[in-house]
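Read off the chains here:
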2 protein chains.
Amino acid sequence: MATAAVTSPVIDTCRAARRAARELAQIDTARKDTALAGIARALIERTDEILAANALDMRSGREAGLGDTLLDRLALDASRIAAIAAAVQDIVVLPDPVGEVIEGRRLPSGLDIRRMRVPLGVIAVVYEARPNVTIDATALCLKSGNAIVLRGSSTASHSNAALAQIAAQAAIAAGLPEGCIGLVAGGGHEELARLATQQDTVDLIIPRGGEGLKAALQEVATVPVIYAASGNCHVYVDETADLKQAHAIVLNAKTQRPGVCNAAETLLVHSEVVADLMPDLLRALGREGVLVRADERIWALASCFTPEELPMGEPLGVVMEPATEADWATEYLAPTFAVGVVDSVEEAIEHISRYGSGHSEAILTRDTDAARAFQLGVDAACVYVNASTRFTDGGEFGMGAEIGNSTQKLHARGPIGLRELCTYKYLVTGDGHVRD
Amino acid sequence: MATAAVTSPVIDTCRAARRAARELAQIDTARKDTALAGIARALIERTDEILAANALDMRSGREAGLGDTLLDRLALDASRIAAIAAAVQDIVVLPDPVGEVIEGRRLPSGLDIRRMRVPLGVIAVVYEARPNVTIDATALCLKSGNAIVLRGSSTASHSNAALAQIAAQAAIAAGLPEGCIGLVAGGGHEELARLATQQDTVDLIIPRGGEGLKAALQEVATVPVIYAASGNCHVYVDETADLKQAHAIVLNAKTQRPGVCNAAETLLVHSEVVADLMPDLLRALGREGVLVRADERIWALASCFTPEELPMGEPLGVVMEPATEADWATEYLAPTFAVGVVDSVEEAIEHISRYGSGHSEAILTRDTDAARAFQLGVDAACVYVNASTRFTDGGEFGMGAEIGNSTQKLHARGPIGLRELCTYKYLVTGDGHVRD
């Protein structure tokens, strides 16, 4: 078996990936799919090795006093490994983006031009504790014809090394070039800076981590970076909204999975429907354990009801605190919800323009003018009418899988799937054409 | 008349552009086109003002000892102003990229999704002495719904101020928002750094200038930059090439306009056709005043012919020097041509991979396998078969106009036209959809 992905100095790993990328770009779909299927199989067959490596990371993590949440992200077991392998199989069946002719025509000069999707080349993925990213990212990069340089957290170093080595051996056994999967040690800021300045060999860095990682990269990177930034997502309930739908959508957007980037963080309610919508909604949020940070008008509404005046005569049963300026700008990623009142769709758009992070924003309305004003006026990757923000996802959008979610405007906005891991080139064919 | 584009502190200009951008993004095509037509008209009507401002720059330039080439780039006259106005009119008739639905479908969840092209927002264009860029860039940005922040050279400060002010007044008179055209003073590196770090208000910087400007930006920019980098373009004549066509294409690629980025800088010739192709071609290059930097095999070929042995019995009449390693990596932008011999299409691809800048590359061949290997194997924005590299151009490619030519792989590769000045957003519509 060939030597496979091993921790090695950053520059060597990037150079090897660059060499591999040239070959990978021309490998046909069938061979890439065979390699991915081989990776999925090897992960299952070598589950014990992966678990042994993971046990080392878990022990170090406990000794270092990692919290339960981080330990849970780090932990692997047979069913999680099976899920990782199944996710690779899901990518096998996706269409290959490479070679797709995006557009083409005959030019007035008589030249035939085609704009063809081709791999970016070498993609570096920088991520934190979750070891599954090692395989998820690798599968997406290989399917799209790219070599990958992985830089995981030192907390997961044994798990990542085992996963990357198993994947690289399976890939090479299936005929993919050596160096197509590289792993660099977690290391510190110096090593991150070295990776982020390999612009001659690395085409793109995708960080998967928090604002600290983003800031660290922004300071040093000369390689292009697509930041999968935070999601400070809003749901705005317009005065014409179907309030039963609104109740269900707000609850879904906030509580179905509060820790992810497409969950709602702020609710804006039109003043005309506050009294009808909020008592029941606050009660339901309270039942889900949501802490509400309320603006003055929500606060006043809630406090002016005696239990007897409330619909159904029940107390609200929700914990409320006054919202501060900081609440409007916060991505809680937790069961906390900023809630405020606005007097128009324009005011809602203005609020979102000031505080939103350009991820996913929703209006709930039956008014076509309000829907149109909101969809055109809100500057975000995904703008919803009468649906939950939770749908922003490569899988839901029909891309099959995603490596992250971009709130940037350049190159890729929204879910980053296989196509977004590609660039294009113009192929131009003539029969002796010269320019006048 | 409202106050229009005036030189002002960088941050204020960028903020005003950001405010304008929100409004501009929703202005319909007709009003944008009216504004562009108004700009074209105002340039003609106010030609005297522009010429008076330009005369000040020309005088300062002469006093500062600018060379003839730079003075020529700086100089305006009535016919050049008419040409600038005509170029604006050409943009009026182009289709508006904003609002185009790039793709759309019904998702399995029943949601309807559309990916719609929308303006980037605020684009900063950093350029050197040519004052026409002030108007060319402005027209492309406004047509694509973007606000523009211009940062020209201090050498052209009076000309740029006059042009930007006339354009801004005409745009505002036609109903575009104040701040849609901003101009910041040339200033030094400190001011460039300030502009390049306004990531909260500026969405993209497009530098139009040499490698010095690129290096300066790469060091400081936190705003995304699309580098319109250099074009070290190659023409490879394969063993099966039609040599008459090859002669014409090579001459066209090298000599039709040697100072532009899509002109050829290196000729690679298959060893099987060197003896048949080169004597006549060298003679023709000599007639065009081209200096040839020859590798050893070209050198040997040329020196082994006596005049009597040459076809038609004429001496070659071309000035040749031995090529050094540096020649293969140089973008001459001048009538100098590196010429070398290779033994296969693979060797040509390898050479281009090592030295090319990813701009435009051509193979001349009658062999379909060689054509395919070259088009797929060469990693460049534009890859030609049997045509001159000189066709790489937004106008030739049917985009109508271009603001530059990208050798990057992210966002835009090749000519940067109206579409490439846009991003997209996902518009998703449901009727109460929540995620399971």
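Every chain is numbered independently, its residues counted from 1 as its sequence is written. As they are written, the chains are lettered A onward and the ligands numbered 1 onward, keeping that order. With pLDDT at 70 or above as the cut-off, local features in this predicted model cover only qualifying residues; side-chain atom pairs require 80 or more to be listed or tallied, and sums for whole chains, interfaces and linings still use all residues.

**A look at the overall build of chain A**
Definition in use: Under the scheme used here, helices are H or I runs from DSSP no shorter than 4 residues and strands are E runs no shorter than 2 residues, and both carry numbers assigned from the N terminus. Just to be clear, the radius of gyration here is over C-alpha atoms, and the globule rule we use is 2.2 Å times residues to the power 0.38. Labels follow a simple rule on C-beta atoms placed from the backbone: if 20 or more others lie within 10 Å of a residue's own, it is buried; if 12 or fewer, it is exposed; otherwise it is partly exposed. Placing C-beta atoms from the backbone, we regard two residues as in contact once those atoms come within 7 Å.
When you go through chain A residue by residue, the secondary structure sums to 15 helices and 16 strands. For a compact globule of 436 residues, the expected C-alpha radius of gyration is about 22 Å, and chain A comes in at 25 Å, within 12% of that figure. Based on the C-alpha atoms only, the size of chain A along its principal axes is roughly 75 × 70 × 40 Å. Within the span of chain A, comprising 436 residues, buried residues form 52% of the whole. In chain A, of all internal contacts separated by at least 6 residues, the share reaching a separation of at least 24 is 75%.

**Overview of the interface of chain A and chain B**
Note the cut-off: By the convention adopted, Pro, Cys, Tyr, Trp, Phe, Met, Ile, Leu, Val and Ala count as nonpolar, Lys, Arg, Asp and Glu as charged, and the other residues, Gly among them, as polar. Strand pairing is assigned whenever DSSP detects at least two bridges linking the two strands.
Of the residues lining the interface, 56 residues belong to chain A; the matching set on chain B comes to 55 residues. Residue assignment for the side of chain A that touches chain B shows that the elements contributing at least two residues are helix 10 (243-255), helix 15 (368-377), strand 13 (382-387) and strand 16 (422-433) of chain A. Looking at which element gives the most residues to the side of chain A that touches chain B, the answer is strand 16 of chain A, with eleven residues. Among the residues forming the side of chain A that touches chain B, the class breakdown is 24 nonpolar, 21 polar and eleven charged. Bridging between strand 13 of chain A and strand 16 (residues 422-433) of chain B involves five bridges; their strand directions are parallel. Looking at strand 16 of chain B, one finds that A:Ala387 is bridged to B:His433.

**Details of the pairing of strand 6 (residues 204-208) of chain B**
Residue and element names in this part refer to chain B. Taking burial as the measure, the five residues of strand 6 include four buried ones, the bulk of the element. Inspection of the sheet shows strand 3 (residues 122-127) paired to strand 6 by five bridges, in the parallel sense. Directly across from Ile123, in strand 6, lies its bridge partner Leu204.

**A closer look at the sheet that holds strand 6 (residues 204-208) of chain A**
Pairing between the strands of a sheet is mediated by backbone hydrogen bonds and can be parallel or antiparallel. Residue and element names in this part refer to chain A. The cut-off we apply is this: To get an axis, fit a line to the C-alpha atoms, keeping to the stretch in contact for a helix; angles then go from 0 to 180 degrees between the N-to-C directions.
Strands sit in the order 5-4-3-6 across an open sheet of four strands; the sheet is parallel. Each of the sheet's edge strands pairs with one partner strand only, and the pair in question is strand 5 (181-184) and strand 6. Here the average twist between neighbouring strands, direction ignored, is 20 degrees. Running over the sheet, helix 7 (residues 157-173) touches strand 4 (147-151) and strand 5 and is turned about 160 degrees from strand 5.

**Considering the packing of helix 2 (residues 29-45) of chain A against helix 7 of chain A**
All names here are of chain A. The condition is simple: In this scheme, roughly parallel covers angles under 35 degrees and roughly antiparallel covers those over 145, while 65 to 115 is roughly perpendicular and the rest are oblique. Throughout, a crossing is termed right-handed when the near helix is turned clockwise from the far one, and left-handed when it is turned anticlockwise from it by less than a right angle.
In the contact formed by helix 2 and helix 7, the axes pass within 8 Å of each other and the chain directions differ by 140 degrees. On the basis of their axis angle, the class for helix 2 and helix 7 is oblique. Once helix 2 is placed against helix 7, the crossing between them reads as right-handed. Between helix 2 and helix 7, the contacting residues are Ala35, Gly38, Ile39, Ala42 and Leu43 on the first element and Ile166, Ala167, Gln169, Ala170, Ala171 and Ala173 on the second. By residue class, the composition of the contact of helix 2 with helix 7 is nine nonpolar, two polar and no charged.

**Remarks on helix 10 (residues 243-255) of chain B**
Operational definition: In this analysis, the expected span of each helix is defined as 1.5 Å times one less than the number of residues it contains.
For helix 10 of chain B, built from 13 residues, the straight-helix expectation of 18 Å at 1.5 Å per residue is met to within 8% by its first-to-last C-alpha distance of 18 Å. By the burial criterion, the buried members of helix 10 of chain B are B:Ala246, B:Ile249, B:Val250, B:Asn252, B:Ala253 and B:Lys254.

**Things to note about helix 3 (residues 47-63) of chain B**
All names here are of chain B. Cut-off, in case you're wondering: An arc is given here, and it is the one of the directions from the helix axis to the C-beta atoms.
Here helix 3 contains 17 residues, and its C-alpha end-to-end distance of 24 Å stays within 8% of the 24 Å for a straight helix at 1.5 Å per residue. Three or more residues of helix 3 are buried, namely Ile50, Ala53, Asn54, Asp57, Met58 and Gly61. Looking straight down helix 3, one finds its buried side chains confined to an arc of 145 degrees; they lie on one side. Exposed side of helix 3, more than 90 degrees from the buried face: Asp48, Arg59, Arg62 and Glu63 are the residues found there.

**With respect to the sheet that holds strand 8 (residues 264-270) of chain B**
Spatially, the ten strands line up as an open sheet ordered 1(A)-2(A)-16(A)-13(B)-12(B)-7(B)-8(B)-11(B)-9(B)-10(B), and their pairing is mixed. Where the open sheet ends on each side, the last strands, each with one partner, are strand 1 (101-106) of chain A together with strand 10 (319-322) of chain B. With direction set aside, neighbouring strand axes in the sheet form an average angle of 20 degrees. The sheet contact formed by strand 7 (residues 233-237) of chain B and strand 8 of chain B spans five bridges and is parallel. Paired with B:Val237 across the strands is B:Val269, a residue of strand 8 of chain B.

**Thoughts on the domain arrangement of chain A**
Bring the parts together and some accessible area is lost; that lost area is often taken as the interface size. The condition is simple: Each domain span listed reflects an automatic or database assignment of domains.
Per the domain assignment, the segments making up chain A are domain 1 (10-229 + 412-429) and domain 2 (233-391). Each of domain 1 of chain A and domain 2 of chain A has a C-alpha centre, and these two points are 37 Å apart.

**Description of the environment of A:Asn405**
Its location among the elements puts A:Asn405 in strand 14 (residues 404-406). Taking C-alpha positions, A:Asn405 is 9.4 Å from A:Arg208, a pair spaced 197 residues apart along the chain.

**Examining the relation of the copies chain A and chain B**
Operational definition: C-alpha atoms of residues with pLDDT of at least 70 in both copies form the basis for the least-squares superposition of the copies.
Least-squares fitting of chain A to chain B yields an RMSD of 0.1 Å, with the transformation described by 0.0 Å of translation along the axis and a rotation of 180 degrees. The transformation just described matches what one would write down for a two-fold rotation axis. Considering only C-alpha atoms, the part of chain A nearest the rotation axis is A:His411, at 1.8 Å. When you check the interface residues of chain A against chain B, 98% turn up at the interface there too, and the contact is symmetric in its surfaces.

**Observations concerning the environment of B:Lys214**
Residue and element names in this part refer to chain B. The residue Lys214 is located in helix 9 (residues 211-220) in this model. What makes Lys214 partly exposed here is the crowd of 16 C-beta atoms within 10 Å. Remark: the alpha-carbon pair of Lys214 and Ile123, spanning 91 residues in sequence, is separated by 17 Å.

**Some details on unusual backbone geometry**
All names here are of chain B. Backbone geometry places Leu333, a non-glycine residue, at a positive phi of 55 degrees. With respect to the secondary-structure elements, Leu333 resides in the loop between helix 13 (325-328) and strand 11 (336-342). Even without being a glycine, Asn386 presents a positive backbone phi close to 55 degrees. Relative to the helices and strands, Asn386 resides in strand 13 (residues 382-387).

**Thoughts on the confidence of the model for chain A**
All names here are of chain A. Selection criterion: Predictor confidence is given residue by residue as pLDDT, running from a minimum of 0 to a maximum of 100.
Confidence in the prediction for chain A averages 93 pLDDT; 95% of positions are at 70 or higher. Low confidence marks residues 1-8, where pLDDT is under 50. Its contacts with residues over four positions away, or in another chain, come to 19 contacts. Overall fold confidence (pTM) sits at 0.92, and the ipTM for the predicted complex is 0.93.

**Section: the packing of helix 5 (residues 78-92) of chain B against helix 6 (residues 132-143) of chain B**
Residues and elements named next belong to chain B. At a minimum axis separation of 10 Å, helix 5 and helix 6 run at an interaxial angle of 15 degrees. The angle between helix 5 and helix 6 falls in the class roughly parallel. The handedness of the crossing between helix 5 and helix 6 is right-handed. From helix 5, Ile84, Ala87, Val88 and Ile91 reach across to helix 6, where they touch Asn132, Ile135, Asp136, Ala139, Leu140 and Lys143. In the contact of helix 5 with helix 6, the residues fall into seven nonpolar, one polar and two charged.

**Re the environment of A:Gly400**
All names here are of chain A. In this fold, Gly400 is placed in the loop between strand 13 and strand 14. The spacing of Gly400 and Glu103 is 297 residues in sequence and 23 Å in space, taken between C-alpha atoms. Every residue in contact with Gly400, bar those within four places of it in the chain, is listed here: Asp90, Ile91, Leu94, Gly394, Gly395 and Gly417.

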